[in-house]
Amino acid sequence: QKEVEQDPGPLSVPEGAIVSLNCTYSNSAFQYFMWYRQYSRKGPELLMYTYSSGNKEDGRFTAQVDKSSKYISLFIRDSQPSDSATYLCAMREQAGTALIFGKGTTLSVSS
Amino acid sequence: GAGVSQSPRYKVAKRGQDVALRCDPISGHVSLFWYQQALGQGPEFLTYFQNEAQLDKSGLPSDRFFAERPEGSVSTLKIQRTQQEDSAVYLCASSGEDGNEQFFGPGTRLTVL
């Protein structure tokens, strides 16, 4: 079993839908949680960054971390075709250490 | 440019050839990471530098892989005697002193024939 599990999808939704992406993990020492967006043939781009448990909102994006369940989520409201990409969850134990990534979920938003 | 740059963007090598991949981190960033991303997978950690010191190389898959950052800025990942299973995208990331956010480059796509 991998340290971080993420359903690869693909996930297809119509424009304007609310998208829910999630990851589970097994290492209770993880404290830093991130969501990256990766367009085809590009490097990952940081979307959301959360320390420990709780919620964080940035525009149409909301990240949630539930450390008791070892479960993190990313919600995208009013999804747009430009949101079509692969979304990677990542986490680590301490600042400045290597990230452990999920496999990535491929999202397609149709207009 | 202000971001992480990598070169070459694409590399095709014949099995058995040596390759060298370059990473230019964001100016002033002390931490530099190399990751390997196979098709359809998330990036996997290879090695980590803080300035010129290689602090963690536990992710390097074999002794054919070697990385250096001699002056604490540019880094080179070298793969000797490439094999087909080395085909992947090699990503470089850098972060500042707080080590919070890692900024990724566009990657080098290596294809070994």
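Predicted model, so just to flag it, every value in this text is computed and none were measured.

Draft legend 1. Spatial organisation of the sheet that holds strand S7 (residues 65-68) of chain B. Residue and element names in this part refer to chain B. Read across the sheet, four strands follow the order S1-S3-S8-S7 without closing on themselves; strand pairing throughout is antiparallel. Of all strands in the sheet, those bounded by a partner on one side alone are strand S1 (5-7) and S7. The mean angle between the axes of side-by-side strands here comes to 15 degrees, regardless of whether they run parallel or antiparallel. Both S7 and strand S8 (residues 75-79) contribute to a ladder of four bridges, which runs antiparallel. Within S8, the position partnered with Phe65 by the bridge is Ile79.

Draft legend 2. Structural view of unusual backbone geometry. Following Gly9 of chain A, the chain continues to Pro10 of chain A via a peptide bond in cis, the omega torsion being 10 degrees. Mapped onto the elements, Pro10 of chain A comes out in the loop between strand S1 (4-6) and strand S2 (11-14). A cis amide bond, omega -10 degrees, links Ser7 of chain B with the succeeding residue Pro8 of chain B. Counting through the fold element by element, Pro8 of chain B comes out in the loop between S1 and strand S2 (10-13). Non-glycine residue Ser52 of chain A carries a positive phi angle of around 60 degrees. If you check the backbone angles, Arg81 of chain B has positive phi at about 45 degrees while not being a glycine.

Draft legend 3. A look at the interface of chain B and chain A. Between chain B and chain A, the residue contacts involve 22 residues of the former and 20 residues of the latter. When the two sides are added together, the surface that chain B and chain A hide from each other amounts to roughly 1,600 Å², 50% of it contributed by carbon and sulfur. Along the contact surface separating chain B from chain A lie zero salt bridges. Linking chain B to chain A there are six residue pairs in polar contact (both at pLDDT 80 or more). Taken together, the residues of the side of chain B that touches chain A break down into nine nonpolar, eight polar and five charged.

Draft legend 4. Highlighting the side chain of Gln6 of chain A. Residues and elements named next belong to chain A. Take Gln6: it is sitting in strand S1. Polar contacts involving the side chain of Gln6 include one to the main-chain carbonyl oxygen of Tyr87, which spans 2.7 Å. Here Cys89 takes part through its backbone nitrogen, which lies 3.4 Å from a polar atom of the side chain of Gln6. Other than its neighbours up to four places away in sequence, Gln6 contacts Asn22, Cys23, Trp35, Tyr87, Leu88, Cys89, Gly102, Lys103, Gly104 and Thr105.

Draft legend 5. Representation of the sheet that holds strand S6 (residues 54-58) of chain A. Residues and elements named next belong to chain A. Here five strands make up an open sheet; going across it, the order is S1-S3-S8-S7-S6 and the pairing antiparallel. Whereas interior strands pair on both sides, the edge strands pair on one side only; in this sheet they are S1 and S6. Taking the axes of each pair of neighbouring strands and ignoring which way they run, one obtains an average angle of 15 degrees across the sheet. Where strand S7 (residues 61-66) lies against strand S8 (residues 71-76), six bridges are found, and the strand directions are antiparallel. Paired with Phe61 across the bridge in S8 is Ile76.

Draft legend 6. Representation of the pairing of S7 of chain B in the model. A one-sided burial pattern is seen for S7 of chain B, the buried positions being Phe65 and Ala67 of chain B and the unburied ones Phe66 and Glu68 of chain B. If you look at the hairpin formed by S7 of chain B and S8 of chain B, you'll find six residues sitting between the two strands, and Gly72 of chain B has a positive phi there, around 75 degrees.

Draft legend 7. Layout of the state of the cysteines. Residues and elements named next belong to chain B. Applying the stated criterion across every chain yields a total of two disulfides over all chains. Between the sulfur atoms of Cys23 and its disulfide mate Cys92 the distance is 1.8 Å. Looking along the S-S bond of the Cys23-Cys92 disulfide, the torsion reads about -65 degrees, which is the left-handed sense. Here Cys92 lies in strand S9 (residues 88-95) and Cys23 lies in strand S3 (residues 19-24), a separation of 69 residues in the sequence. For the residue pair Cys23 and Cys92, the accessibility class agrees, reading buried in each case.

Procedures and definitions
- Sequence order as written defines the numbering, with residues in each chain counted from 1.
- Chain A is the first chain written and ligand 1 is the first ligand written, with later ones labelled in order.
- This being a predicted model, a pLDDT of at least 70 is required before a residue's local features are given, and a value of 80 or more before pairs of side-chain atoms are given or counted; all residues contribute to the totals for chains, interfaces and linings.
- Note that water and hydrogens are dropped before the side-chain values are worked out from all heavy atoms of the structure.
- Pairing between strands requires that DSSP locate at least two bridges from one strand to the other.
- Working definition: helices are DSSP H or I runs of at least four residues, strands are E runs of at least two. Numbering for both runs from the N terminus.
- Axis definition: a line fit to C-alpha positions, over the contact stretch in the case of helices; interaxial angles, taken between N-to-C directions, run 0 to 180 degrees.
- Here, two residues are considered to be in contact whenever any of their heavy atoms come within 4.5 Å of each other.
- By convention, the term buried area covers the 1.4 Å-probe accessible surface removed from two parts as they join, with the contributions of both added.
- Here a salt bridge means any side-chain nitrogen of Lys or Arg lying within 4 Å of a carboxyl oxygen belonging to Asp or Glu.
- Polar contact is the term for a pair of N or O atoms within 3.5 Å; when the atoms are in protein, one must be able to donate a hydrogen and the other to accept it, and sequence-neighboring residues count only if both atoms are side-chain atoms.
- Only Asp, Glu, Lys and Arg are considered charged in this grouping, and only Ala, Val, Leu, Ile, Met, Phe, Trp, Tyr, Cys and Pro are considered nonpolar; every other residue, Gly among them, is considered polar.
- Residue burial is assigned from relative accessible area. The probe radius is 1.4 Å, only protein chains are included, and a residue is buried under 20% of its type maximum, exposed over 50%, and partly exposed in between.
- The definition used for a disulfide is geometric: two cysteine sulfur atoms within 2.5 Å.

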